[in-house]
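Spelled out from the first residue to the last, the chains are:
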Amino acid sequence: MSVDALLAALADPTRRGLFESLTEPASVSDLASRHPITRGAVSQHLKVLVEAGLVDVRPQGRMRIYSRRPESLRALAQYAIAMDKVSEAGPQDAIASELGKWQAEAPNIDYGVLALMMYFTQIGHHVVSSSEAVAERAGLSFADVALLGALRRLGPPYESTSSRLARTFWISLPGMTKRLGRLEAAGLLIRSVDADDRRSALLRLTDKGLSVLRDLVANQQPAEYHALLQLSAAEREQLSSLLPRLLDLIDAQHGQRRPAYRVR
């Protein structure tokens, strides 16, 4: 049952009149007696309504009895509600405009939740793209900045073994060697052998690396940072209280607890 089929079936005024007159189950003869059209025309219109999912039909003796399908009315009502939300949000809200379609195709799904997932997906694309652009202006990648930032958040002396960093911040060890080589060559970190575990490298953020990070934080925030600033303090507080809770629930669905990002 799709909204397109429902609306197409009701586009004909005569057919719509037949549908509206089905306040209770009726036969073709009953409906023909109420409308200035032949029984044959009534049957043809009812066939379209049945195929669209607006009307059910059942045999009763030698007659066929027609009745409205409650599911179709709910789908139409939900579509109208969704379109009303689109009007309130504005014509540019492409995600909101999809809500009615989701609900029509799968009435058992909470289309509001699907819309939230679509918003998160679009926001995530923007955040990653902007963060990459900011990092590139400093001659780095977003993964480079995340790695340096992980050392920075450990506090002075801003050092850690690569294995500890991976455990603490979910930074993937495979493929890290080349990244560490680039960052060391740029003078942003220093690698040495860990005295306690000679199989593990000890990483330390240099003064230059710390300076680069401070400049990025102070002067190179992505567009999404400035967009969030346009929310009121109360709105940001609401997000700050809800998003950690949501992340915990998502972690539970995946059977593990993950931090906000994973660097590969």
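See the structure shown above.
Numbers given to residues run from 1 along each chain, matching the order in which its sequence is written. In view of the model being predicted, local features appear only for residues whose pLDDT reaches at least 70, and side-chain atom pairs are presented and counted only at 80 or more, with totals across whole chains, interfaces and linings using the full set of residues. Calculation of side-chain values draws on the structure's entire complement of heavy atoms; hydrogens and water are dropped beforehand.

## As for the environment of Ser130
Going along the chain from the N terminus, every DSSP run of H or I of four or more residues is numbered as a helix, and every run of E of two or more is numbered as a strand. Within the secondary structure layout, Ser130 lies in helix α8 (residues 111-137). Classification of Ser130 as buried rests on a relative accessible area of 16%. Sequence separation of Ser130 and Ala223 is 93 residues, and the distance between their C-alpha atoms is 6.7 Å. Contact criterion: two residues are considered in contact whenever any of their non-hydrogen atoms come within 4.5 Å of each other. Beyond its immediate stretch of four places on either side in the chain, Ser130 contacts Pro222, Ala223 and Glu224. Note on exposure labels: buried denotes an accessible area under 20% of the residue type's maximum, exposed denotes more than 50%, and partly exposed covers the range between, all computed with a 1.4 Å probe on protein chains only.

## Topic: the sheet that holds strand β3 (residues 159-161)
Pairing is antiparallel across the open sheet formed by three strands, whose spatial order is β3-β5-β4. Lying at the two open borders of the sheet, with one neighbouring strand each, are β3 and β4 (189-193). The average undirected angle you get between the axes of adjacent strands in this sheet is 25 degrees. Pairs of strands are assigned from DSSP output, requiring at least two bridges between the strands. As paired elements, β3 and strand β5 (residues 201-205) share three bridges and run antiparallel to each other. Within β5, the residue paired with Ser160 across the bridge is Leu203. Angles shown run from 0 to 180 degrees and are taken between the N-to-C directions of axes, each axis being a line fitted to C-alpha atoms and, for helices, limited to the stretch in contact.

## Some details on the packing of helix α1 (residues 3-10) against helix α4 (residues 39-52)
Contact geometry for α1 and α4: axes closest at 9 Å, N-to-C directions at 165 degrees. Viewed along their axes, α1 and α4 adopt a mutual orientation that is roughly antiparallel. When the axes of α1 and α4 are compared, the crossing they make is left-handed. Contacts from Ala5, Leu6, Ala9 and Leu10 of α1 reach α4 at Val48, Leu49 and Ala52. Of the residues assigned to the contact of α1 with α4, the class counts are seven nonpolar, no polar and no charged. What sets the label is the angle itself: under 35 degrees gives roughly parallel, over 145 gives roughly antiparallel, 65 to 115 gives roughly perpendicular, and the rest give oblique. Note on convention: the crossing is left-handed when the near helix lies turned anticlockwise from the far helix by less than a right angle, right-handed when the turn is clockwise. Only Asp, Glu, Lys and Arg are considered charged, only Ala, Val, Leu, Ile, Met, Phe, Trp, Tyr, Cys and Pro nonpolar, and every remaining residue, Gly among them, polar.

Purely geometric numbers; function is a separate question.
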